[in-house]
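Next come the chains, spelled out residue by residue.
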Amino acid sequence: MMGKNSWLYRAFAFYRDGFRQMTLGRTLWAIILIKLFVIFVILKIFFFPNYISTHADEGKESEFVATEVLKR
């Protein structure tokens, strides 16, 4: 069991208390999370289509990848 003198408990309490007392930090974290969402979800959907599924035959994706790697 984790006692209050444990380093793990103290580290958790340190970060918990720090996040509770944030004012500007919450806004910055919200901006960071929104930017990550845009980068990894929106850009993936619109700018990085699934190239392999559109150019390879069904069930032969590994052969397509191997051929493309060896050609380049």
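Everything numeric in this text was worked out from a predicted model, so none of it was measured. Counting restarts for each chain, with residues numbered from 1 along the sequence as it is written. Side-chain atom pairs in this predicted model are given and counted only at pLDDT of 80 or more, local residue features only at pLDDT of at least 70, and totals for whole chains, interfaces and linings cover all residues. Here the side-chain values reflect all heavy atoms present in the structure, with hydrogen atoms and water set aside.

Enquirer: Before we move on, could you go through the overall build of the protein and cite the residues and values that matter?
Expert: Tallying secondary structure elements over the protein gives 4 helices and 0 strands in all. In this description a helix means any DSSP run of H or I spanning at least four residues, a strand means any run of E spanning at least two, and both kinds are numbered starting from the N terminus. In sequence order, the protein lays out its α and β elements as α-α-α-α. Only C-alpha atoms enter the radius of gyration, while the globule expectation follows 2.2 Å times N to the 0.38, with N the number of residues. Against the compact-globule benchmark of 11 Å for 72 residues, the protein has a radius of gyration of 23 Å, which places it well outside the compact range. For the protein, buried positions account for 8% of its 72 residues. Each accessible area value is a Shrake-Rupley result obtained with a 1.4 Å probe; residue values ignore everything except the protein chains displayed when judging cover. For the protein, the exposed surface amounts to about 7,000 Å²; the carbon and sulfur share of it is 68%. For the protein, the separation between the mean place of its 10 positive charges and that of its 6 negative charges on side chains is 22 Å. Exposed residues in this analysis have more than 50% of their type's maximum accessible area, buried residues have under 20%, and partly exposed residues fall in between, with area computed by a 1.4 Å probe over protein chains only. When charges are counted, Lys and Arg contribute as positive and Asp and Glu as negative, whereas His and the chain ends are disregarded. Charge positions are represented by NZ for Lys, CZ for Arg, CG for Asp and CD for Glu.

Enquirer: Please set out the side chain of Glu-68 residue by residue, giving values where relevant.
Expert: With respect to the helices and strands, Glu-68 occurs in helix H4 (residues 61–71). A polar contact is formed between the side chain of Glu-68 and the side chain of Lys-71, at a distance of 3.4 Å. Counted as a polar contact is a pair of N or O atoms within 3.5 Å, where, for protein atoms, one must be capable of donating a hydrogen and the other of accepting one, and residues adjacent in sequence contribute only when both atoms are in side chains.

Enquirer: Any chance you could break down the packing of aromatic side chains for me, citing the residues and the numbers?
Expert: Any two of the Phe, Tyr and Trp rings considered here, Trp counted by its six-membered ring, make a pair once their centres fall within 6.5 Å; the pair's planes then place it as stacked at under 30 degrees, edge-to-face at over 60, or tilted in between. Applying the stated criterion across every chain yields a total of 3 aromatic pairs. Between Phe-14 and Tyr-15, the ring centres sit 5.3 Å apart and the planes meet at 80°, which makes this aromatic pair edge-to-face.

Enquirer: Outline the pattern of salt bridges, listing residues and values.
Expert: What counts as a salt bridge is simple: a side-chain nitrogen of Lys or Arg found within 4 Å of a carboxyl oxygen of Asp or Glu. As enumerated under the stated definition, the model contains 2 salt bridges in all. One salt bridge connects Lys-71 with Glu-68, and the closest N-O pair in it is separated by 3.4 Å. Highlighted residues: Lys-71 and Glu-68, both in helix H4, separated by 3 residues, approximately one helical turn. The class for Lys-71 is exposed, based on a relative accessible area of 61%.

Enquirer: I'd love a proper account of helix H2 (residues 24–47), names of residues and values included.
Expert: Residue count minus one, scaled by 1.5 Å, sets the expected span of a helix. A rise of 1.5 Å per residue sets the reference length of H2, with its 24 residues, at 34 Å; its end C-alpha atoms lie 33 Å apart and thus fit the reference within 8%. To obtain the bend at a residue, axes are fitted to the seven residues ending there and to the seven starting there, and the angle between these axes is taken. Maximum bend of H2: about 30°, positioned at Val-38.

Enquirer: I'd like a rundown of helix H1 (residues 7–20), residues and numbers included.
Expert: Taking 1.5 Å as the rise per residue, H1 with 14 residues should run 20 Å; its terminal C-alpha atoms sit 20 Å apart, in good agreement. Where H1 begins, one side-chain oxygen reaches toward the backbone nitrogen of Leu-8, 3.3 Å away; that side chain belongs to Ser-6.

Enquirer: Talk me through the environment of Lys-4; I want residue IDs and the actual numbers.
Expert: Residue position: Lys-4 is located in the segment before H1. Note on Lys-4: relative accessible area 64%, which makes it exposed. The spacing of Lys-4 and Lys-60 is 56 residues in sequence and 57 Å in space, taken between C-alpha atoms.

Shape is all these values report; function is a separate question.
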